[in-house]
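# Working through the structure, step by step
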Amino acid sequence: MFSALTNTIKFNSQNEQSNPIIGQLLADTGALPAGRYVCWVLLTTSAAGTFLVNHRNADDDATEDFVYLQVPANDSRQFVLAFALEENERLTVTPLVDLTANVTVSIVHQRLS
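Residues numbered from 1 in each chain as written. Predicted model: local features only at pLDDT ≥ 70, side-chain atom pairs only at ≥ 80, totals over all residues. Heavy atoms only, no water.

### Side note on the pattern of salt bridges
- In this structure the tally under the stated criterion is 4 salt bridges.
- For D75, the salt bridge is made with R77, and the minimal N-O distance between the two is 2.8 Å.
- Overlapping salt bridges, with partners in common, bring together D28, R56, D60 and R90 in one network. (Salt bridge = Lys/Arg side-chain N within 4 Å of Asp/Glu carboxyl O.)

### Some thoughts on the packing of aromatic side chains
- Within the structure shown, the criterion is met by 1 aromatic pair.
- Centroid distance F66 to Y68: 5.3 Å. Interplanar angle 85°. Geometry classified as edge-to-face. (Phe/Tyr/Trp six-rings, centres within 6.5 Å; stacked < 30°, edge-to-face > 60°.)

### Some words on the environment of L32
- Relative to the elements of secondary structure, L32 occurs in the loop between strand 3 (27–28) and strand 4 (35–45).
- Given a relative accessible area of 7%, L32 falls into the buried group.
- In sequence terms L32 and F79 are 47 residues apart; their C-alpha atoms lie 20 Å from each other.
- Beyond its immediate chain neighbours, meaning those up to four positions away, L32 contacts Y37, L85, E86, E87, N88, E89 and H109. (Helix = DSSP H or I, 4+ residues; strand = E, 2+ residues; numbered from the N terminus. Buried < 20%, exposed > 50% of the residue type's maximum accessible area, 1.4 Å probe, protein only. Contact = heavy atoms within 4.5 Å.)

### Brief notes about the nonpolar core
- In this structure, V41, L43, F51, V93 and V105 are the most contacted members of the largest nonpolar core, which totals 23 residues.
- For this core, the secondary structure elements donating two or more residues are strand 4, strand 5 (49–56), strand 6 (63–71), strand 7 (75–85), strand 8 (90–95) and strand 9 (102–111). (Core = buried A, V, L, I, M, F, W, Y, C linked by side-chain atoms within 4.5 Å.)

### Remarks on the pairing of strand 5
- Among the 8 residues in strand 5, 8 count as buried, and that is most of the element.
- The two faces of strand 5 match: G49, F51, V53 and H55 on one face and T50, L52, N54 and R56 on the other face are all buried.
- Where strand 5 and strand 6 come together, 8 bridges link them in antiparallel fashion. Note that in strand 6 the partner of H55 across the bridge is D65.
- Taken together, strand 5 and the strand that follows it, strand 6, pair antiparallel across an intervening segment of 6 residues, in which D60 is found at a positive phi of about 55°.
- With 6 bridges joining them, strand 5 and strand 8 adopt antiparallel strand pairing. (Pairing = 2+ DSSP bridges.)

### Let's talk about the pairing of strand 8
- The buried fraction of strand 8 is high, at 6 of 6 residues.
- The alternating pattern of strand 8 places R90, T92 and T94 and L91, V93 and P95 on opposite faces, both of which are buried.
- Looking at chain direction, strand 3 and strand 8 are connected through 2 bridges and run antiparallel. If you follow D28 over to strand 8, its bridge partner there is T92.

### Quick look at the side chain of T92
- Here T92 lies in strand 8.
- Contacts of T92, omitting those with residues within four sequence positions, involve L25, A27, D28, L52, V53, N54, R56 and I107.

So yeah, pure geometry; function would need other evidence.
Right under this line is the structure:
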């Protein structure tokens, strides 16, 4: 029943970023094998902000899909998302607008199949 959950959980995190600008890469899973993934996105920010979790294509030159995440000022939030990825696609997190804030972002992901 739980055999699909035996795949290794992988963690990607960047150091705290000060005053990130629109589109700045805050976290990146790197190229992933094809499959279905569950992802936990952990966000902490000192100012309210909207962030994008981007489903990037295999060449990492276009966004296939995205999810908006909003975090209030001086708060931390955890989001659970699911994605189906093709070979060498990736997930990234970027701010939607320029922020005057300190931001820390982590992506934890696990391949289900």
